[in-house]
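# Architecture and fold: a report
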Amino acid sequence: MTDSPAEAMGTGGPTRGLQGRVAVAQRQTRTTLGVAFAFVVAAAIASVIPHRTGWWLPLHLFLAGALLSAISGATQFFAVTWAAGPPASRSAAATQRWLLAASVALLVAAREFSWPRALAALGGAGVIVALVVLGASLYKTVRAGVQRRFDQAVHGYLCALLAGAIGCALGIAMTSGLRGSALSRVRSAHLTLNLFGLIGLVIVATLPFFTATQARVKMSSRAGDRAQNGVLVWLCIALLVAATGFLTALRLVAAAGLTAYALGLVALVTLLPAMGAKQFRWAGPRLLQLGAGLAWWAAATIALAWQCARGAAVFTRTVLGVLVVGGYAQILAAALAYLGPVLRGGGHLRLSGGFRITRSWLGLIAGNVAAIALTFGANEVAAIAIGAWVFDTVARAAMLMRPQLSEPAG
């Protein structure tokens with residue numbers, strides 16, 4: 001067993017027998033994260049240009065396109081490096097990647113351009129198939145892996161993919177012509193299962209490992225198998241209660257489920273490794289942005305539970321904006337700021353140079369300014385902050401991809 005997850009990701013350590021398989025996983029992940037980055041840019045453009053479907057279009061481009069693509073690439077890479085298992089075959093990885101991208105593109109195009117509902121349903125069905133392929137790939141890799149410590153994470157991934165498949169099925173049901181209260185109930189359950197299940201549970205399963213990797217420390221001794229499984233089971237039950245409450249129009253039940261979910265996030269924090277000044281000096285904004293994203297995620301969950309309990313409108317643009325921009329987008333940015341240099345490879349000097357490139361205080365500030373602005377309805381300020389954040393990210397990504405770099409010091 002390696003001393004920390006970081007060692008298995010190419011930052012140093014004794015897992016040299018994995019180098020060939022990790023190199024294959026790196027190539028696959030670089031391509032998949034490139035697709036995710038394209039969806040991020042598309043979502044940013046869709047948020048400022050006129051179009052028919054309002055906030056629905058950038059939301060789905062980011063969540064279904066960018067985040068699910070990033071999840072697909074990252075989880076398969078983590079399975080290879082942390083479980084010391086074989087990567088997916090080239091054809092399986094490519095099939096999953098492009099099926100997901102094409103299905104999301106079909107879904108958003110069908111909705112935006114008012115194509116026949118059957119095409120939107122076909123896009124949603126394609127996303128479900130891509131999730132099934134991803135689940136099978138992860139299970140195969142981890143089952144054949146040498147390290148058993150990653151089994152707990154893959155349990156979370158499979159639960160997340162199941163929640164996402166059900167959530168997507170509800171999304172397909174919404175294309176069948178549901179109206180009124182039935183549409184509202186299904187929509188709320190659809191959002192709950194996809195936002196807090198598919199995306200949320202993947203993050204929950206990854207953070208005990210990835211936080212240690214980000215900070216270059218050992219995993220917390222508190223993050224044992226029983227503790228990780230306990231948090232996962234708690235969150236799955238909370239998710240089931242919330243989704244059932246929405247489907248049955250029992251708002252207090254849904255509120256109770258969301259409150260329990262927020263408490264589960266607090267429990268998750270106790271499983272993360274303790275950080276000192278050394279870790280914050282090294283990881284800097286990457287680590288802070290990861291923590292900020294987790295805090296905004298918990299805050300948005302509590303706000304949603306409060307809205308639900310008092311009978312107000314749920315999943316409003318404000319709450320969704322805070323959850324997606326302040327929470328998930330910041331967690332994604334922190335993850336990519338670490339994974340980008342690792343996937344680029346090229347030795348320790350090049351790796352260190354890559355970490356300097358992705359060390360963005362501007363991204364940290366812009367992400368939190370945007371979340372605060374969305375909280376208070378200052379959408380113009382939020383748009384400016386998001387624009388600066390995307391521009392900074394694109395510029396740093398371009399520097400990272402240059403074949404010959406003159407590394408900046410900051």
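Residues numbered from 1 in each chain as written. Predicted model: local features only at pLDDT ≥ 70, side-chain atom pairs only at ≥ 80, totals over all residues. Heavy atoms only, no water.

Our focus in this paragraph is the overall build of the protein. Each helix and strand counted, the protein has 15 helices and 0 strands in total. Taking 2.2 N^0.38 as the reference for a compact globule, 410 residues should give roughly 22 Å; the C-alpha atoms of the protein span a radius of gyration of 20 Å, in line with that estimate. Viewed in the frame of its principal axes, the protein has a C-alpha envelope of about 60 × 45 × 45 Å. Every one of the 410 residues in the protein was classed for burial, and the buried ones make up 56%. Long-range pairs, those at least 24 residues apart, make up 79% of the contacts in the protein with a sequence separation of at least 6. (Helix = DSSP H or I, 4+ residues; strand = E, 2+ residues; numbered from the N terminus. Rg over C-alpha atoms; globule rule 2.2 N^0.38 Å. Buried < 20%, exposed > 50% of the residue type's maximum accessible area, 1.4 Å probe, protein only. Contact = heavy atoms within 4.5 Å.)

Where helix 4 (residues 90–112) contacts helix 5 (residues 117–143), the two axes come as close as 8 Å, and the packing angle between them is 155°. With respect to helix 5, the axis of helix 4 lies roughly antiparallel. For helix 4 against helix 5, the interelement crossing comes out left-handed. Residues Ala 92, Gln 96, Leu 99, Leu 100, Ser 103, Val 104, Leu 106, Leu 107 and Ala 110 of helix 4 pack against Leu 119, Ala 120, Leu 122, Gly 123, Gly 126, Val 127, Val 129, Ala 130, Val 133 and Leu 134 of helix 5. Residue composition of the contact of helix 4 with helix 5, grouped by class: 15 nonpolar, 4 polar and no charged. (Axes fitted to C-alpha atoms, helices over the stretch in contact; angles between N-to-C directions. Parallel < 35°, antiparallel > 145°, perpendicular 65-115°, else oblique. Left-handed = near helix turned anticlockwise from the far one by under 90°. Nonpolar A, V, L, I, M, F, W, Y, C, P; charged D, E, K, R; others polar.)

The phi torsion at Ser 114 lies on the positive side, around 55°, for a residue other than glycine. Within the secondary structure, Ser 114 is located in the loop between helix 4 and helix 5. A positive phi is found at Arg 216, a non-glycine position, where the angle reads about 60°. Along the chain, Arg 216 falls in the loop between helix 7 (180–215) and helix 8 (225–247).

This paragraph deals with the confidence of the model for the protein. Per-residue confidence for the protein averages 91 on the pLDDT scale, and 93% of its residues sit at or above 70. Confidence drops under pLDDT 50 across residues 1–7; counting only partners more than four residues distant or on other chains, this segment forms 26 contacts. Note that pLDDT drops below 50 for residues 405–410; the model gives that stretch 17 contacts with residues more than four away or on any other chain. (pLDDT = per-residue confidence, 0-100.)

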